[in-house]
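As a plain string of letters, each chain reads:
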Amino acid sequence: MKKINIFILINSVFALLFSVINICFAADVSCLAFLLCAAYSAVIVFFTIFQFAKNKEYKKLFLCRKLLQYEAFVFLIAFIIRRAGLKGTSYGFDVLSVLCWLAVFITSNVLSYWFDFKRFKKHTGIDIPVVKNESVAKMFATGKTRSGAKVTPLSYLKWFCFEVVDWADALLQAVFLVLLFQIFFFQFYKIPSESMVPEYMINDRVAVSKITSGPKFPLTDVGFPCMKDYKRGDIVVFRNPHYTIDRQSEVKSVVSQLVYMFTFTFVNTNVDEQGKLKADPLVKRITGVPGEQLMMQDGVLYSRTKESKDFKPVTEDATWAVYNQNTEPEGVKRMIQEFPISTEIFSQFEAFEAYRNSVNLSKLEVECKNIAQEFAKLASKDGSEKPLSKEELYSIKLNNVSLNELYIDEMWNEYRNGSAELSMKFLSELFSSEYKVQFFNAFMTDWTKNYEDYYRDGYIGGNLYEESSFKFNIIYKYYIGSMILETYKNVLNDVPTHDWKSKETVQQFEANLHLLYYYLFFMDLRNMPAFPEDKCIDNGKERIYEPQYIPENCFFMMGDNRFNSLDMRHSETAKIRPLSKYDDASLTYSSHINPQYVPKKLILGTTGIRFWPISRPERASKTSK
């Protein structure tokens, strides 16, 4: 008994100390932490020290054991409440709180172990009647309780209440234990989307290992050190940096996790401002590591480092990235819910990319100038135009479109049946404008004046992405200009729309514009500018571009399903951005592109075993090996 009494005393001391350090005078929820701790500590001290140890009321063994079993969990809730107020706590304060909690956790579990009826008798020789429920079958058969008393309706009510409390006790303890297990060791995660198809499907269950990723106590930086050396190819679970991650949001996240656990996964309060469930945490693959600058072009991921200045393909990424899900084995395809594009469209994308990469800008320059000149000749009958400065010309708006804001969707009608049409309102305003020749000429030819000045390291803009985007912009403008010219010809000659639109050349123009518009929709899912972006230094004589690299302890993540993954390439908010920043009159479009890396501290763990379903057909990249 002496050893037991010593542990009871140690447990009570640390319980009281934990209560004292949680004293808070803030007028918010954090002040409840002390009240909860103090009340529970008082109950623990009264029953374990005064009733059990001092007065030797050993019949209180069962009650003391139950109080001790919940002590660490109650204090963990108080720990969270203390940090849920308007003011945070310091790191030193958190360390002291964690140490006290650990002492309470250890001593309460040791005492709970010793307070088992059989173990208590073995260590002390004191025999205490085991607290257990009546047998409802025996009561019904004999009509008597275990003590020999006659069975009454109240006997059955007592049996029922005991069973309910016993089951509730078991479930609550299980919830708490699972919660601790998930915080520090493993968490079972349900795949919510198809961003990792075909590696993971919707509703797959995977085990996430946390212990090596440096798990922390809720709302603190106190915990285990990170022992995991993350590398490219690891599939990780991490906090979504698209959402604001501050103390208030962390409090909500922790509370939602507690509610989720206590309601046995029926209630999920982890929602955003609009009431939608947050995509947090995320499951993605590490594709970029510290010391790299990344770029993606035509579905190929490139990287370079300080030691190697040239962008080189990341060969491993090709084994994970999937753009055309239709190439997967039939067994895998049956499990996929959404196929973003067909094999035919994907082939057209690849054909266009090959054409764009091979296009000769010098020849395209000649063709664009010829289109502008022909348009000017047709418009000459309307008389000469007053010359405008570049600033004046670029301020003109046609259907809300100016030369420095050539937003595609304002120039466009919805396409139908594989064809495409320019906005008739835009065309009408252009054709009736007194400055249509200068506007159209600037649209078609301003890029030709100085694009050669932008060559760096053999590419316009210094890398393959910038040059490809520049070419895409010019090709797009070429087809738009061709359609504008064709439309203007027929408008001047009063040719019925049906007659000239049925021409094979016009239909081909429209088909090409349709493909370009469709490709634009997927472009940011297949391409990404150099990230982190080069730093531009202007010393007054020249501009120097210094490559930037992913910092230490930071990583870049993408989903394997590249056409169906909102990942670290993108933000949730779209912005209007130019197709190319090397053309003052560039076409613009709505883009989600906004690459960002993820600090190591936001990584919660790495995925391990997929425990459900137990098996499935292998993805194409594995069966092809």
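Cut-offs and rules
- Residue positions are given per chain, counted from 1 along the sequence in the order it is written.
- Residues qualify for local features only when their pLDDT is at least 70, as the model is predicted, and side-chain atom pairs are given and counted only at 80 or more; totals for whole chains, interfaces and linings, by contrast, use all residues.
- Side-chain metrics rest on all non-hydrogen atoms present in the structure, leaving aside hydrogens and water.
- Residue burial is assigned from relative accessible area. The probe radius is 1.4 Å, only protein chains are included, and a residue is buried under 20% of its type maximum, exposed over 50%, and partly exposed in between.
- Here a helix means four or more residues in a row that DSSP labels H or I, a strand means two or more in a row labelled E, and each is numbered from the N terminus.
- In short, DSSP must find at least two bridges between two strands for them to pair.
- pLDDT: the predictor's confidence for each residue, scored from 0 to 100.
- Contacts: residue pairs with any heavy atoms within 4.5 Å of one another.
- We define a nonpolar core as any set of buried Ala, Val, Leu, Ile, Met, Phe, Trp, Tyr and Cys residues linked to one another through side-chain atoms lying within 4.5 Å.
- Between N-to-C directions, angles span 0 to 180 degrees; the directions come from axes that are lines fitted to C-alpha atoms, helices contributing only their stretch in contact.
- Angular relationships are summarised with four words: roughly parallel below 35 degrees, roughly antiparallel beyond 145, roughly perpendicular across 65 to 115, and oblique for the angles in between.
- Residues are grouped as follows: Ala, Val, Leu, Ile, Met, Phe, Trp, Tyr, Cys and Pro are nonpolar; Asp, Glu, Lys and Arg are charged; all remaining types, including Gly, are polar.
- Planes of paired rings set the category: under 30 degrees apart is stacked, over 60 is edge-to-face and the rest tilted, where pairs are Phe, Tyr or Trp rings (Trp by its six-membered ring) whose centres lie within 6.5 Å.
- Any carboxyl oxygen of Asp or Glu that lies within 4 Å of a side-chain nitrogen of Lys or Arg is treated as forming a salt bridge with it.

Caption draft 1: Up close: the pairing of strand β6 (residues 300-304). In terms of residue burial, β6 counts as a mostly covered element, since 4 of its 5 residues are buried. Note that strand β5 (residues 293-297) and β6 share 5 bridges and pair antiparallel. Residue pairing across strands places glutamine 293 opposite arginine 304, the latter belonging to β6. The turn joining β5 and β6, which pair antiparallel and follow one another in sequence, is formed by 2 residues; a positive phi near 55 degrees is taken by aspartate 298. Relative to strand β7 (residues 312-313), β6 runs antiparallel, the two being bridged by 2 bridges. Directly across from tyrosine 302, in β7, lies its bridge partner proline 313.

Caption draft 2: Structural detail: the confidence of the model for the protein chain. Of the residues in the protein chain, 98% have a pLDDT of 70 or more, and the chain-wide mean is 90. The low-confidence segment residues 415-419 (pLDDT under 50) makes 10 contacts with residues lying over four places distant or belonging to another chain.

Caption draft 3: Up close: unusual backbone geometry. The linkage connecting valine 197 with the following residue, proline 198, adopts the cis geometry, with an omega of 5 degrees. Structurally, proline 198 can be placed in the loop between β1 (186-190) and β2 (205-209). Here the bond from tryptophan 612 into proline 613 is cis, since omega is -5 degrees, no more than 30 degrees from zero. In this structure, asparagine 203 takes a positive phi of about 75 degrees despite not being glycine.

Caption draft 4: Region of the structure containing the nonpolar core. Within the largest apolar cluster, 93 residues are counted, with the highest numbers of intra-cluster contacts made by Tyr476, Ile480 and Ile484. Among the elements that take part in this core, helix α15 (residues 464-492) stands out by supplying 12 residues, more than any other. In this structure, Phe52, Trp114, Phe115 and Phe217 belong to the second largest nonpolar core, which totals 48 residues.

Caption draft 5: Spotlight on the packing of helix α10 (residues 343-358) against α15. α15 packs onto α10 with a crossing angle of 100 degrees between their chain directions and a minimal axis gap of 9 Å. On the basis of the axis angle, α10 is roughly perpendicular to α15. Judged by residue contacts, Phe352, Tyr355, Arg356 and Asn357 of α10 engage Ser468, Lys471, Phe472, Ile475 and Tyr479 from α15. For the contact of α10 with α15, the class distribution of residues is 5 nonpolar, 2 polar and 2 charged.

Caption draft 6: Main features of the sheet that holds strand β3 (residues 235-238). Reading across the sheet, the 7 strands line up as β1-β2-β18-β3-β4-β14-β17 and stay open at both edges, with antiparallel pairing between neighbours. The sheet is open, and its two borders are formed by β1 and β17 (598-599), each paired with just one other strand. With 4 bridges joining them, β2 and strand β18 (residues 603-612) adopt antiparallel strand pairing. Paired with serine 209 across the two strands is threonine 606, which belongs to β18.

Caption draft 7: A look at the packing of aromatic side chains. Scanning the model with the defined rule gives 44 aromatic pairs in all. With a centroid separation of 5.1 Å and 15 degrees between ring planes, the pair formed by tryptophan 101 and phenylalanine 105 is classed as stacked. Here the residue tryptophan 101 and the residue phenylalanine 105 both occupy positions in helix α4 (residues 91-114), the gap between them amounting to 4 residues, near one helical turn. Accessibility expressed as a relative area gives 3% for tryptophan 101, which makes it buried.

Caption draft 8: Molecular detail of the sheet that holds strand β15 (residues 570-578). Strands sit in the order β8-β16-β15 across an open sheet of 3 strands; the sheet is mixed. Bordering the open sheet on either side are β8 (406-407) and β15, each of which pairs with just one other strand. Here β15 runs beside strand β16 (residues 587-593); their pairing, made up of 5 bridges, is antiparallel. By the bridge assignment, isoleucine 576 is partnered in β16 with serine 590.

Caption draft 9: Geometry of the pattern of salt bridges. For the structure on display, the rule yields 33 salt bridges. Between arginine 356 and aspartate 298 there is a salt bridge whose closest N-O contact spans 2.6 Å. Placement of arginine 356 in helix α10 and of aspartate 298 in the loop between β5 and β6 is noted, with a sequence separation of 58 residues between them. Here arginine 356 matches aspartate 298 in class, with each residue buried. Linked by salt bridges that have partners in common, Glu199, Arg285, Asp560 and Arg619 make up one network.

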